[in-house]
Amino acid sequence: MSSEPKAPGAPAPLSGLPLFYRAPEPLSAAVHGAWRLKDGDVSFAADTPFVPIVVGELAASARSYPIVFAAGNAQPIAVLGLERANLFVTNGAWAEDAYLPAYVRRYPFGFIATANPERFALAIDGASDRVVRTGGDGVALFDEDVKPSATTRQALAFCEVFQSEVAATTAFVEALKAQDLLIDRRADATLPDGRKLGLEGFQIVDARKFAGLADDVMLDWHRRGWLALVHFHLSSLDRFSALLTLQTARAAAPAPAKASKKPAKARAESAPADT
C-alpha cells in the first residue's frame, strides 16, 4: 500500500532504523493477509527522550514539551526527558494531560521508501508486541476478500495526513537554516541527590538573531505562519524546568531499573518519517 509525499530525516537509534521500529516491512495482503492487530500500550516509547514532530503539531506539542531542532537536518523534536527515559510514560500509559505526538500514535504503522523515490509504501513493524501473526486476537489487517480492513485504511489515512505536513516542515526548517538562526545548545540539570543529567545534540533558534530579521523577511514569515511557529518554539523552552520537576519526582520514587547517566544525544539521521 503506498502514498506519494517525500519525508524528511527523523531521529533514529544506532541500528539505523526509524525510532521504535525493529522489523518494518511493506504491508501486503499476500504476506500479511492473516495478520491481526491487538490493542496495546505505549511501553515501546518508555525509553526514548525525544520524538520527531511536524509543524502542524508544534503548537500543541509546545504546551507539553520543550521543542528543539535535531543537530544536522533540524528536524523539530519534542523533548520527553533529560536522560534515556520518557517522563510521560508510566506503566505503559502516556500522561493524560500531555499531548501525544503523532509519531507515537501511528506505531506500529509507518511509511517505508520504495524503488520510486517519490512514493512510499504503508509498512508495519513485524516485531511489535501488538502484531498477531496467527490466531484470533485483535482486528484483521485485511478482510476476507484481501482488501484492506477499516483498521488498515485508517492507518494509511493517518500516515498520509502526517506526510502532508512534511513539505511544510521542510520549508520551515530550511528557512531557519537559510537565515542562520539555529545555534547549538545542551541541557544540563543537577538533581537534589547530586546526580547530573544532560541532553545534547540539539539546536534552538537564536532569539537575538530572530528579532533582527529584516522587515521583508518578517512580513513573509508572518504570512506563512512561521513567526508563530518560532514563538511557540521559544516559549516551549521554559518547559525544561517542568522536565526537571518531573525528573526530580521520578528520582525520588522507587525505580524498577537504573537509567543511564550518559547524556542522551538527539540524533537526526536519514530515515522514513511519518505518523
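See the structure printed just above.
Just so it is clear, the model here is predicted, and its values are computed rather than measured.

**Digging into the overall build of the chain**
At step 1: The helix and strand inventory of the chain stands at 9 helices and 15 strands.
At step 2: Counting across all 275 residues of the chain, residues that qualify as buried make up 45%.
At step 3: Of the contacts made within the chain by residues no fewer than 6 positions apart, 76% connect residues no fewer than 24 positions apart.
At step 4: With the model as given, the accessible surface of the chain reaches about 13300 Å², and the carbon-plus-sulfur share is 54%.

**Topic: unusual backbone geometry**
At step 1: With omega at 15°, the peptide bond leading from Tyr 107 into Pro 108 counts as cis.
At step 2: Of note in this structure, Ala 74 is not a glycine but carries a positive phi near 65°.
At step 3: Turning to its location among the elements, Ala 74 is positioned in the loop between strand E5 (67-70) and strand E6 (76-79).
At step 4: Note on Ala 74: relative accessible area 0%, which makes it buried.
At step 5: Positive phi is not limited to glycine here, since Asp 180 has a value of about 55°.

**Topic: the packing of aromatic side chains**
At step 1: A full pass over the atoms with the stated rule returns 10 aromatic pairs.
At step 2: Geometrically, the ring pair formed by Phe 44 and Tyr 107 is tilted, given 4.4 Å between the ring centres and 35° between the ring planes. Highlighted residues: Phe 44 in the loop between strand E3 (36-37) and strand E4 (50-52) and Tyr 107 in the loop between helix H3 (102-105) and strand E9 (109-113), separated in sequence by 63 residues.
At step 3: With centroids separated by 5.7 Å and ring planes inclined at 80°, the aromatic side chains of Trp 221 and Trp 226 adopt a geometry described as edge-to-face. Per residue, the accessibility class of Trp 221 equals that of Trp 226, and both read buried.
At step 4: Taken together, the aromatic side chains of Phe 20, Tyr 21, Phe 44, Tyr 103 and Tyr 107 make up a single cluster linked through ring pairs.
At step 5: For the cation-ring pair, Arg 106 lies above Tyr 103, with the distance from its terminal atom to the ring centre recorded as 3.9 Å.

Rules behind the numbers
Residues numbered from 1 in each chain as written. Predicted model: local features only at pLDDT ≥ 70, side-chain atom pairs only at ≥ 80, totals over all residues. Heavy atoms only, no water. Helix = DSSP H or I, 4+ residues; strand = E, 2+ residues; numbered from the N terminus. Buried < 20%, exposed > 50% of the residue type's maximum accessible area, 1.4 Å probe, protein only. Contact = heavy atoms within 4.5 Å. Areas by Shrake-Rupley, 256 points an atom, 1.4 Å probe, with all protein chains shown as cover. Phe/Tyr/Trp six-rings, centres within 6.5 Å; stacked < 30°, edge-to-face > 60°. Lys NZ or Arg CZ within 6 Å of the ring centre and 35° of its normal.

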